[in-house]
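A look at the structure
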Amino acid sequence: MKYLLSDIAQIVGGQLLGRDLEVTSVATDSRSYALTHDTLFVAMQGVNHDAHDHIAEVIERGVKAFMVERKVELAEGCGAIVVKNSLTALQHLAAHHRNTFKGTVVGITGSNGKTTIKEWIAQCAPREAKIFRSPRSYNSQLGVALSLLMLDNSCDVAIIEAGISQRGEMERLYQMITPDVVIFTSIGDAHEQGFNSLEEKIDEKVLLAQTASDIIYHSSYTALAEVIE
């Protein structure tokens, strides 16, 4: 990725403060070893942790560009985009960036085996194929956004995992990934506490494939096949 802060502010509907800097990567963890002068540090506020409290130390490590949920004190030469919700804004940026990708996007979802299938595909692909795959198990609301922002058009195929634990999450992941091909691994009882029934979970999972041109699935549950058909 390569964006000016002013471009990002326009994409996500945020307010730019300070310098209009160019960024080429994103980080959300102040402890990351990958922080550089062209990193966009996205500060998020959780139940027990507020990354805004670590902005000063991140600046000391050379970071100058930020996405924040409230106005913060910035050192000279820094710039920040103020948004209502950093995760939502990051997801909007990821969706925009995905739409600039010219290759094929493969989405993988299921209760188990997502990472294994992703790695199998990457290893079995022809040597000449240039494949991007989401790091480790980056399949959450944040992980998918970070994965998509790593995409560039030197790749032919992008393989993105999508994991959910409650109703409403897959639609947000779909809006970012909009996959051309979807692979369903299995539908089981993992993360079932967020759903009222197996059928409800299946309905949610299938949302990832609402505009896909190809669907590949394997499941011991005939209900999944019925929904997809």
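Remember, predicted model here, so these are calculated numbers, not experimental data.

Within the secondary structure, E161 sits in strand β10 (residues 157–161). The exposure class assigned to E161 is buried, which follows from its relative accessible area of 0%. For E161, the side chain forms a polar contact with the side chain of T115, separated by 2.8 Å. Looking at E161, its side chain comes within polar contact range of the side chain of K118, at 2.9 Å. Ignoring anything within four residues of it in the chain, the contact list for E161 reads I108, K114, T115, K118, S134, R136, S137, Y138, N139, V144 and I177.

So, about the packing of helix α3 (residues 86–98) against helix α6 (residues 169–177). Where α3 meets α6, the closest approach of the two axes is 7 Å, and the angle between their N-to-C directions is 40°. The angle between α3 and α6 falls in the class oblique. For the pair α3 and α6, contact is made by L87, T88, Q91, A94, A95 and R98 and by R172, Q175, M176 and I177, respectively. When grouped by side-chain class, the residues that make up the contact of α3 with α6 number five nonpolar, three polar and two charged.

The full count for this structure, using the stated rule, is seven salt bridges. We note a salt bridge from D29 to R31, for which the minimum N-O separation is 3.0 Å. A relative accessible area of 31% places D29 in the partly exposed class. One salt bridge connects D53 with R70, and the closest N-O pair in it is separated by 3.9 Å. Of this pair, D53 sits in the loop between β5 (39–42) and α2 (55–60) while R70 is found in the loop between β6 (65–68) and β7 (79–82), placing the two residues 17 residues apart along the sequence. Residue D53 is classed as exposed on the basis of its relative accessible area of 57%. A relative accessible area of 35% places R70 in the partly exposed class. Taken together, the shared-partner salt bridges connect K118, E119, R133 and E161 into one network.

Owing to its 3.6 residues per turn, the α-helix brings residues three or four apart onto one side. Taking 1.5 Å of rise per residue, the 13 residues of α3 would be expected to cover 18 Å, and the 18 Å separating its terminal C-alpha atoms lies within 8% of that figure. Residues of α3 that are buried include every one of S86, A89, L90, Q91, L93, A94, A95, H97 and R98, and no others. If you check the start of α3, you find a side-chain oxygen 3.1 Å away from the backbone N of L87, and it comes from N85.

Next up on the list: the sheet that holds strand β2 (residues 15–18). As summarised here, the arrangement of the five strands in space is β2-β7-β6-β5-β4, forming an open sheet in which the pairing is mixed. Here the strands that pair on one side only, and so sit at the sheet edges, are β2 and β4 (25–27). Ignoring which end each strand starts from, the neighbouring axes of this sheet average 25° apart. Here four bridges tie β2 to β7, and the two strands are oriented antiparallel to one another. Along β7, the bridge assignment pairs L17 with A80.

About the cut-offs
Residues numbered from 1 in each chain as written. Predicted model: local features only at pLDDT ≥ 70, side-chain atom pairs only at ≥ 80, totals over all residues. Heavy atoms only, no water. Helix = DSSP H or I, 4+ residues; strand = E, 2+ residues; numbered from the N terminus. Buried < 20%, exposed > 50% of the residue type's maximum accessible area, 1.4 Å probe, protein only. Polar contact = N/O pair within 3.5 Å; in protein donor to acceptor, adjacent residues only side chain to side chain. Contact = heavy atoms within 4.5 Å. Axes fitted to C-alpha atoms, helices over the stretch in contact; angles between N-to-C directions. Parallel < 35°, antiparallel > 145°, perpendicular 65-115°, else oblique. Nonpolar A, V, L, I, M, F, W, Y, C, P; charged D, E, K, R; others polar. Salt bridge = Lys/Arg side-chain N within 4 Å of Asp/Glu carboxyl O. Expected span 1.5 Å × (residues − 1). Pairing = 2+ DSSP bridges.

Function cannot be read off these values alone, since they describe shape.
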